[in-house]
Amino acid sequence: MTADDHSPVLTPAPVPAAADSAFLRACRREPVPHTPVWFMRQAGRSLPEYRRVREGIGMLDSCMRPDLVTEITLQPVRRHRVDAAIYFSDIVVPLKAIGVDLDIKPGVGPVVGRPFRTREDLRRLRPLEPDDVAYVTEAVGMLTGELGATPLIGFAGAPFTLASYLVEGGPSRNHEHTKAMMYGAPELWADLLDRLADITAAFLKVQIEAGASAVQLFDSWAGALAPEDYRRSVLPASAKVFEAVAGYGVPRIHFGVGTGELLGAMGEAGADVVGADWRVPLDEAARRIGPGRAVQGNLDPAVLFAPREAVEAQALRVLEAARGLPGHVFNLGHGVLPDTDPDALTRLVEFVHERTVR
């Protein structure tokens, strides 16, 4: 069942303790017992236990094994005592699930066999059905049973970032082919993003209906855009995703890298929480985002390589900038870097919790 059906949407009842967690309360801009903490890429290469269970198993294969997804998602919750888990997957999983020829190459990232450049290529983007990702439904069910009072965040890649991978054929520094289509073939571009919005929304619905307590939309490459281009050519598709899952009542988080100039527009897309990277102080980020939304962020991930005292000093700067904001979720300004000392993350969680206890 989807939110587009005329029949009522059946939303899973959240675990009462999870619904009242510090993370979900902060997302709803309600009083919290302490500032909640979680980290983007908290499950991953920084953890030796992650490297052990992933040894010899490809990234996409890992994402399709519910037992492995469950174990990897739980690892940082056990180790760091973070306030939320984030579902272990990759933004290209729904594209792979509908038959797009792609793979994730170590050291490179997602690589598409035949880049999308013409209207004919749109035929390769069929709708995503729940059965295409049955392993996601199974894994989320296993996780919510294990997590109990700890919320699970579902996630997906935003239409622009997915489109960039498809059009470029892989990661890109300048997004030449992407912008060439956006500027030179605006109708084709709009149709591409519209289809990706439907696929993304369907992927998020699967996770929510299986029990995810919140969702985050990652627009990793949106920072490559000027504000006018974002509003005209990207915002409508992201807004369509958020609107499609609005009826479930779970918090919706929006995040992009290098998006300081886009924060207001990203808030307008419909998220309940907007993440800021480390380039903009949180009080200024909140001003740009506008009222009615919580803020997430935004310690520079590289700070974690400094001595403990320096990490704590920089964390205090983030907390001071967030003082007085109606909702703040402490996070990094981007993902955990692969060579980060896991103990530094554990200490940071403890520090934020201790310094913000109400």
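Just so it is clear, the model here is predicted, and its values are computed rather than measured.

Conventions and cut-offs
Residues numbered from 1 in each chain as written. Predicted model: local features only at pLDDT ≥ 70, side-chain atom pairs only at ≥ 80, totals over all residues. Heavy atoms only, no water. Buried < 20%, exposed > 50% of the residue type's maximum accessible area, 1.4 Å probe, protein only. Helix = DSSP H or I, 4+ residues; strand = E, 2+ residues; numbered from the N terminus. Pairing = 2+ DSSP bridges. Phe/Tyr/Trp six-rings, centres within 6.5 Å; stacked < 30°, edge-to-face > 60°. Lys NZ or Arg CZ within 6 Å of the ring centre and 35° of its normal. Contact = heavy atoms within 4.5 Å. Polar contact = N/O pair within 3.5 Å; in protein donor to acceptor, adjacent residues only side chain to side chain. Arc of directions from axis to C-beta. Core = buried A, V, L, I, M, F, W, Y, C linked by side-chain atoms within 4.5 Å. Salt bridge = Lys/Arg side-chain N within 4 Å of Asp/Glu carboxyl O. Lys, Arg positive; Asp, Glu negative; His and termini not counted. Axes fitted to C-alpha atoms, helices over the stretch in contact; angles between N-to-C directions.

Draft legend 1. Examining the pairing of strand β4 (residues 152-157) more closely. Of all six residues making up β4, six are buried, and the element is well covered by its neighbours. Here β4 shows two buried faces, one formed by Leu152, Gly154 and Ala156 and the other by Ile153, Phe155 and Gly157. Direction of pairing for strand β1 (residues 85-86) relative to β4: parallel, over a ladder of two bridges. In the sheet register, Ile86 faces β4, and the bridge partner there is Ile153.

Draft legend 2. Up close: the packing of aromatic side chains. Under the definition given, this model contains five aromatic pairs. Seen in terms of ring centroids, Tyr50 and Phe88 are 5.8 Å apart; in terms of plane orientation they differ by 65°. Their pairing is edge-to-face. One end of the pair, Tyr50, is in helix α3 (residues 48-54); the other, Phe88, is in the loop between β1 and α6 (93-97), and 38 residues separate them in sequence. Pair check on accessibility: Tyr50 and Phe88 agree, each one buried. Both rings, one in Phe160 and one in Trp189, keep their centres 6.0 Å apart while their planes meet at 65°; by these two values the pair is edge-to-face. With Phe160 in helix α8 (residues 159-168) and Trp189 in helix α10 (residues 186-210), this pair connects stretches of sequence that are 29 residues apart. Judged by relative accessible area, Phe160 falls into the buried class, the value being 0%. The class of Trp189 is buried, set by a relative accessible area of 1%. Ring-pair connections join several aromatic residues into one group, and the members of that group are Phe155, Phe218 and Phe255. A cation sits over an aromatic face here: Arg124 above Phe116, 4.0 Å from the ring centre.

Draft legend 3. How the structure looks around the environment of Arg25. On the secondary structure map, Arg25 appears in helix α2 (residues 22-27). Measuring from C-alpha to C-alpha, the distance between Arg25 and Arg288 comes to 22 Å, with 263 residues separating the pair along the chain. Among residues more than four places away in sequence, those in contact with Arg25 are Asp20, Glu30, Pro31 and Val32. Here the side chain of Arg25 touches Pro31 through a polar contact of 2.6 Å, landing on its backbone oxygen.

Draft legend 4. Spatial organisation of helix α14 (residues 282-289). Among all positions in α14, only Leu282, Ala285, Ala286 and Ile289 are buried. Summarising the axial view, the buried residues of α14 lie within an arc of 100°, below the 170-degree limit, and thus occupy one face. Here the buried face of α14 lies against α13 (263-268), β7 (273-275), β8 (294-299), α15 (308-322) and β9 (328-332). At the C-terminal side of α14, Gly290 shows a positive phi close to 95°.

Draft legend 5. Seen up close, the nonpolar core. Membership of the largest hydrophobic core comes to 127 residues, with the highest contact counts inside it found for Phe23, Leu125 and Leu348. Top element by residues in this core is α10. It accounts for 13 residues. Discounting chain neighbours no more than four positions away, the residues touching Leu348 are Phe39, Leu299, Leu304, Val311, Ala315, Phe330 and Leu332.

Draft legend 6. Quick look at the pattern of salt bridges. Under the definition given, this model contains 23 salt bridges. Glu30 is the partner of Arg25 in a salt bridge, and the nearest nitrogen-oxygen pair spans 3.6 Å. For the salt bridge of Asp198 with Lys240, the shortest nitrogen-to-oxygen distance reads 2.9 Å. Placement of the pair is Asp198 in helix α10 and Lys240 in helix α12 (residues 235-244), with a sequence separation of 42 residues. The class for Asp198 is partly exposed, based on a relative accessible area of 39%. What you see here is one network of salt bridges that share partners, running through Asp20, Arg25, Arg28 and Glu30.

Draft legend 7. Fine view of unusual backbone geometry. Cis geometry marks the peptide bond from Gly297 to Asn298, where omega comes out at -5°. Of note, Asn298 is situated in strand β8.

Draft legend 8. Representation of the side chain of Asp83 within the structure. Tracing the backbone through its elements, the reader meets Asp83 in the loop between α5 (66-80) and β1. Among buried Asp, Glu, Lys and Arg side chains, Asp83 stands out as unpaired, with Arg358 the closest opposite charge at 10 Å. Separated by 2.6 Å, the side chains of Asp83 and His353 make a polar contact. Other than its neighbours up to four places away in sequence, Asp83 contacts Ala22, Phe23, His34, Thr35, Pro36, Val37, Thr150, Pro151 and His353.

Draft legend 9. Focus on the sheet that holds β9. Across the sheet, which stays open at both edges, the seven strands sit in the order β1-β4-β5-β6-β7-β8-β9 with parallel pairing between neighbours. Looking at the sheet topology across the chains shown, the edges are occupied by β1 and β9. Two strands pair when backbone bridges link them, and β8 and β9 are joined in this way by five bridges, in the parallel orientation. Paired with Gly297 across the strands is Phe330, a residue of β9. Lying on the sheet, α15 is in contact with β8 and β9; it crosses β9 at an angle near 150°.

Nothing here speaks to function; it is all geometry.
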